[in-house]
Amino acid sequence: MATTTKIQPRALVRASGGPRYAVALAVDALGTGLLRPFLLLYGVTVLRLSASATGIAMTVGVVVGLAFMPAVGRWLDRGARSTVVAASMLVRVLGVALLLATPAGHVWLFATAALFLGIGNQAWPAAHAALVATVAHGRERDAALAGGRALRNAGLGAGALLATACLAGGATALQALAAVTGLAYLAAAALAWSVHVHTDPAASPVKDRADGPAPRMRALLAANVVYVFCLNVPEIALPLILVTQLHASPVWSAAIFVANTVLVVTLQVPVTVLMSRFSRRTVLALAGVVLAASYLGFLAATSLGLGWSAPAVAAVSVVCTIGEIIYAGSATALVTALAPAHVLGRALARFQLSTGFGLAVSPAVITALASHGSAALWGSLAAATLVSASAVATEKDQGTRSAVASAGREQARELGDRLGDGLK
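Residues numbered from 1 in each chain as written. Predicted model: local features only at pLDDT ≥ 70, side-chain atom pairs only at ≥ 80, totals over all residues. Heavy atoms only, no water.

Quick look at helix H13 (residues 250-274)
Here is the rule: Secondary structure elements are taken from DSSP: a helix is a run of H or I of four residues or more, a strand is a run of E of two residues or more, and numbering for both begins at the N terminus. One less than the residue count of a helix, multiplied by 1.5 Å, gives the span that helix is expected to have. Two axes define the bend at a residue: one fitted to the seven residues ending there, one fitted to the seven starting there, and the bend is the angle between them. Whether a residue is buried, partly exposed or exposed follows from its accessible area with a 1.4 Å probe, protein chains only, as a fraction of its type maximum: under 20%, in between, or over 50%, in that order.
The first and last C-alpha atoms of H13 sit 35 Å apart over 25 residues, in line with the 36 Å expected at 1.5 Å per residue. In the structure, H13 departs most strongly from a straight axis at leucine 267, where the bend amounts to approximately 50 degrees and where the proline proline 270 lies between one and four residues downstream. Of the positions making up H13, those classed as buried are Ser253, Ile256, Asn260, Thr261, Val264, Gln268, Val269, Val271, Thr272 and Val273.

Structural data, given as structure tokens:
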């Protein structure tokens with residue numbers, strides 16, 4: 001299979017939805033970085049809620065937001081693309097507005113604001129992937145999805161750094177950051193809507209317009225729940241282990257998080273392009289092997305002496321980040337390749353449901369396992385991830401006519417890649 005060896009920025013931006021859409025992604029990510037990492041702090045500091053009540057309200061917002069994904073999928077399958085992306089941003093504007101209007105001590109209003117934010121945060125990935133899948137194809141689409149993730153991580157990191165610098169202002173600064181976030185979401189929604197990307201389901205080939213459900217992808221979706229734990233390793237698992245068990249300085253946790261962000265921003269597109277010589281399913285299975293190896297590496301690192309454990313954990317975190325990059329570059333791309341055009345939205349919605357569920361339960365699972373020691377945490381994660389990788393590698397895309405057809409299209413697209421499909 002031919003590898004995409006050259007990445008031209010203009011071609012990548014065009015495949016990602018165009019310059020205006022790229023600006024919309026950057027503005028949206030910057031605004032999200034200003035508030036999302038500090039939403040818990042906003043509830044505690046500005047609204048004077050207890051930490052437990054704030055955390056529960058945020059969790060409920062994320063979980064209930066997932067319930068809206070089937071409707072998002074059906075909307076996408078009716079041909080909407082940029083409109084759904086803009087709507088995911090506008091609903092977060094409502095969340096921020098309600099957050100700013102919530103009086104101190106009103107936990108239910110805060111929970112409602114968190115719900116609107118959760119709906120937007122859950123709907124955006126599926127809507128974005130559907131838009132990119134509409135304007136780009138083959139390995140160009142994979143690179144565009146990777147480029148969007150890199151851009152989003154850069155914006156999130158920049159927003160979080162800017163917000164951190166402003167936190168000295170206390171509650172007033174947090175309210176100002178929330179207001180700026182709302183304006184950023186509004187501007188991003190306007191830019192995304194102005195792109196006017198949509199598709200006409202009636203114009204699809206007859207075989208793609210046949211009635212039928214989205215491919216089930218049961219093994220892929222179940223494995224994805226486990227895979228997404230890697231996204232919370234730098235933010236939850238490693239700080240928990242480093243600070244509470246290894247008694248290392250919190251500086252190590254911060255350094256690992258910054259390194260993770262920098263590596264994703266700089267390597268997401270190149271690694272995705274490099275992996276384009278293999279099938280997407282093979283790459284996704286490889287991601288599980290790399291992640292499992294990193295988890296075993298964390299287990300070995302924590303068994304070293306206190307003076308060596310923290311540096312060893314930091315070194316292994318680079319391997320974990322590489323696994324995360326390989327996973328992120330292949331998972332969504334595989335779903336867009338397998339799903340027939342008429343059910344692409346529903347397939348992406350199902351995938352986002354598995355992602356959101358994994359992200360929702362992973363903090364509780366990680367902390368519960370960590371309470372039983374490093375072996376329980378890293379050994380369990382490694383075993384579960386290897387099983388998931390095996391399931392991904394062996395799953396057959398059969399069982400319904402639509403699944404068989406999608407498998408054939410995937411093979412045809414892979415053959416096209418072998419003949420030289422890619423960014424030119």
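Some remarks on the nonpolar core
In plain terms, the rule: What is meant by a nonpolar core is a set of buried Ala, Val, Leu, Ile, Met, Phe, Trp, Tyr and Cys residues, joined one to another through side-chain atoms within 4.5 Å.
Ranked by size, the top nonpolar core spans 85 residues in total, and within it Tyr227, Tyr295, Phe298, Tyr327 and Trp378 carry the most contacts. Ranked by the residues each element gives to this core, the list is headed by helix H15 (residues 306-338), at 14 residues. Leu35, Val93, Ala113 and Ala178 belong to the second largest nonpolar core, which has 21 residues in total.

Describing the packing of aromatic side chains
Put simply, the rule is: Ring pairs are drawn from Phe, Tyr and Trp, using the six-membered ring of Trp, whenever the two centres fall within 6.5 Å, and their geometry is named by plane angle: stacked under 30 degrees, edge-to-face over 60, tilted for the rest. Two limits define a charge over a ring: the Lys NZ or Arg CZ must be within 6 Å of the ring centre, and within 35 degrees of the ring normal.
All told, the structure shown has three aromatic pairs when counted by the stated rule. By way of ring pairs, the aromatic residues Tyr295, Phe298 and Trp378 are connected into one cluster. Directly above the aromatic system of tyrosine 185 lies the positively charged group of arginine 92, at a separation of 4.6 Å from the ring centroid.

Concerning empty space enclosed by the protein
Which entries qualify depends on this criterion: For each structure, a 1 Å grid was placed over the protein atoms alone; sets of points admitting a 1.4 Å probe that cannot get out are labelled cavities, open sets with protein on both sides within 12 Å along at least five of seven lines are labelled pockets, and lining residues have an atom within 4 Å of a point. Grid points are joined across faces, edges and corners, and a volume is the space filled by probe spheres set on the points. Asp, Glu, Lys and Arg are counted as charged, while Ala, Val, Leu, Ile, Met, Phe, Trp, Tyr, Cys and Pro are counted as nonpolar; the rest, among them Gly, fall into the polar class.
Inspection of the entire model under this criterion finds one cavity of 30 Å³ or more. In this structure, the largest cavity occupies an estimated 80 Å³ of space. Taken together, Arg139, Asp142, Val271, Thr272, Met275, Ser276, Arg280, Val283, Ile326, Gly329 and Ser330 make up the lining of the largest cavity. Contributions of two or more residues to the lining of the largest cavity are made by helix H8 (138-166), H13, helix H14 (280-302) and H15. Element by element, the count of residues in the lining of the largest cavity is highest for H15, at three residues. Considered class by class, the residues forming the lining of the largest cavity number four nonpolar, four polar and three charged.

Observations concerning the pattern of salt bridges
Note the following rule: Every case where a carboxyl oxygen of Asp or Glu lies within 4 Å of a side-chain nitrogen of Lys or Arg is listed as a salt bridge.
Inspection of every chain in the model, using the stated rule, returns eight salt bridges. Arginine 346 is the partner of aspartate 77 in a salt bridge, and the nearest nitrogen-oxygen pair spans 2.6 Å. You can see aspartate 77 sitting in helix H5 (residues 69-77) and its partner arginine 346 sitting in helix H16 (residues 344-370), a full 269 residues away along the chain. Residue aspartate 77 is classed as buried on the basis of its relative accessible area, which comes to 12%. A residue is classified by how much of its surface remains accessible, and arginine 346, at 31% relative accessible area, is partly exposed.

A look at the confidence of the model for the protein chain
Predicted coordinates in areas of low pLDDT are best not read in detail. Keep this limit in mind: Every residue is assigned a pLDDT by the predictor, reflecting its confidence on a scale from 0 to 100. By the convention used here, residues are in contact when the closest approach between their heavy atoms is within 4.5 Å.
Of all residues in the protein chain, 88% attain a pLDDT of 70 or more, and the chain-wide mean is 87. Contacts for the low-pLDDT stretch residues 206-210, under 50 throughout, to residues beyond four places or in other chains number ten contacts. Under a pLDDT of 50 for its full length, residues 398-408 has, in the predicted model, 13 contacts with residues more than four places off or in other chains.

Notes on unusual backbone geometry
Unusually for a residue other than glycine, arginine 48 sits at a positive phi of about 60 degrees. Within the secondary structure layout, arginine 48 lies in the loop between helix H3 (39-45) and helix H4 (51-66). Residue class for arginine 48 comes out exposed when judged on its relative accessible area of 70%. Of note in this structure, histidine 247 is not a glycine but carries a positive phi near 55 degrees. Tracing the backbone through its elements, the reader meets histidine 247 in the loop between helix H12 (233-245) and H13.

What about the state of the cysteines?
Heads up, the condition is: Note on terminology: pairs of cysteine sulfur atoms within 2.5 Å are recorded as disulfides.
Under the counting rule described, the total for this entry stands at zero disulfides. Cysteine 320 supplies the cysteine sulfur nearest to cysteine 230, a cysteine that is in no disulfide, at a spacing of 6.1 Å. The class of cysteine 230 is buried, set by a relative accessible area of 0%.

Quick look at the environment of methionine 217
With respect to the helices, strands and loops of the structure, methionine 217 is situated in the loop between helix H10 (206-209) and helix H11 (218-227). A relative accessible area of 5% places methionine 217 in the buried class. Sequence separation between methionine 217 and phenylalanine 351 is 134 residues, and the spatial gap between their C-alpha atoms is 9.0 Å. Those residues in contact with methionine 217, other than ones at most four positions away along the chain, are Val335, Leu338, Ala347 and Glu395.

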